[in-house]
Amino acid sequence: NGGTSASSSTFWRGDGAWAAAGGGKVIQMKFATGGSELMTSSTFNSTGLFVTITPTSTANEILVIAMSPRSYISATEALYTAIYRGTSGEGSGGDFVQCQNERGGVSGNQRFTNNMMIVDAPSSTSALTYTVMHRNNNNSTLVGWFEGGATGNSIIAALEVDIS
């Protein structure tokens, strides 16, 4: 189009039409470190790692990233981790993404990195709390997600993204 109608708020699309510039912007980021929980339950429990964010628009999405440099599991058991979203604080809400980390067939206990990521479209401007939850498979073996200590901190980050 020769740029005759260009402005700081428009761009020329590949289909031959002008479109508004923008979108894909990070509006805000909240993060927390910590979490140091080992447990012996086959019911999801909080790891102690959570973050609260209040979206500015119902049209925006939330990118949630959780990382632990050191989770723990025995040789024959499974560690399940999930991110929950709730409106009543730590551990409230329901399961978003579940990662099963089975480490059977090895000798001894094992420590390993554990990472999860979700994109959530909550359609909300209320405060939302995202919590890393974990459980094992048999109610007896000690497993868990925990603070990294010398290997670094566990972290959860929630980024509000304008995708328009």
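For the structure, see preceding data.
A brief report on the enclosed structure follows.

## Considering the overall build of the chain
Looking only at helices and strands, the chain has zero helices and 12 strands in total. Secondary structure elements of the chain, listed N to C terminal, follow the sequence β-β-β-β-β-β-β-β-β-β-β-β. Out of the 164 residues belonging to the chain, those deemed buried represent 40%. If you sum the accessible surface of the chain, you get close to 8,100 Å²; carbon and sulfur atoms cover 48% of it.

## A few points about the packing of aromatic side chains
Where two aromatic rings form a pair, the distance of their centres and the angle of their planes describe that pair. Taken as a whole and judged by the stated rule, the model has two aromatic pairs. Between Phe96 and Tyr130 the ring centres are 6.5 Å apart and the planes differ by 45 degrees, which places this aromatic pair in the tilted class. Of the two residues, Phe96 is situated in strand β8 (residues 94-102) and Tyr130 in strand β10 (residues 128-136); the sequence distance between them amounts to 34 residues. Assessed through its relative accessible area of 34%, Phe96 is described here as partly exposed. A cation sits over an aromatic face here: Arg135 above Phe44, 5.5 Å from the ring centre.

## What to know about the nonpolar core
Counting 17 residues, the largest nonpolar core has Val64, Ala66, Ile83, Met116, Tyr130, Val132 and Ile156 as the members making the most contacts within it. Broken down by secondary-structure element, the contributors of at least two residues to this core are β5 (45-53), β6 (61-73), β9 (110-120), β10 and β12 (155-162). What Ile156 contacts, discounting residues up to four positions off in sequence, is Lys30, Phe31, Ala32, Leu49, Phe50, Val51, Val64, Ile65, Ala66, Tyr130 and Val132. In this structure, Phe44, Ala78, Tyr80 and Ala82 belong to the second largest nonpolar core, which totals six residues.

Conventions and cut-offs
- Residues numbered from 1 in each chain as written.
- Predicted model: local features only at pLDDT ≥ 70, side-chain atom pairs only at ≥ 80, totals over all residues.
- Heavy atoms only, no water.
- Helix = DSSP H or I, 4+ residues; strand = E, 2+ residues; numbered from the N terminus.
- Buried < 20%, exposed > 50% of the residue type's maximum accessible area, 1.4 Å probe, protein only.
- Areas by Shrake-Rupley, 256 points an atom, 1.4 Å probe, with all protein chains shown as cover.
- Phe/Tyr/Trp six-rings, centres within 6.5 Å; stacked < 30°, edge-to-face > 60°.
- Lys NZ or Arg CZ within 6 Å of the ring centre and 35° of its normal.
- Core = buried A, V, L, I, M, F, W, Y, C linked by side-chain atoms within 4.5 Å.
- Contact = heavy atoms within 4.5 Å.

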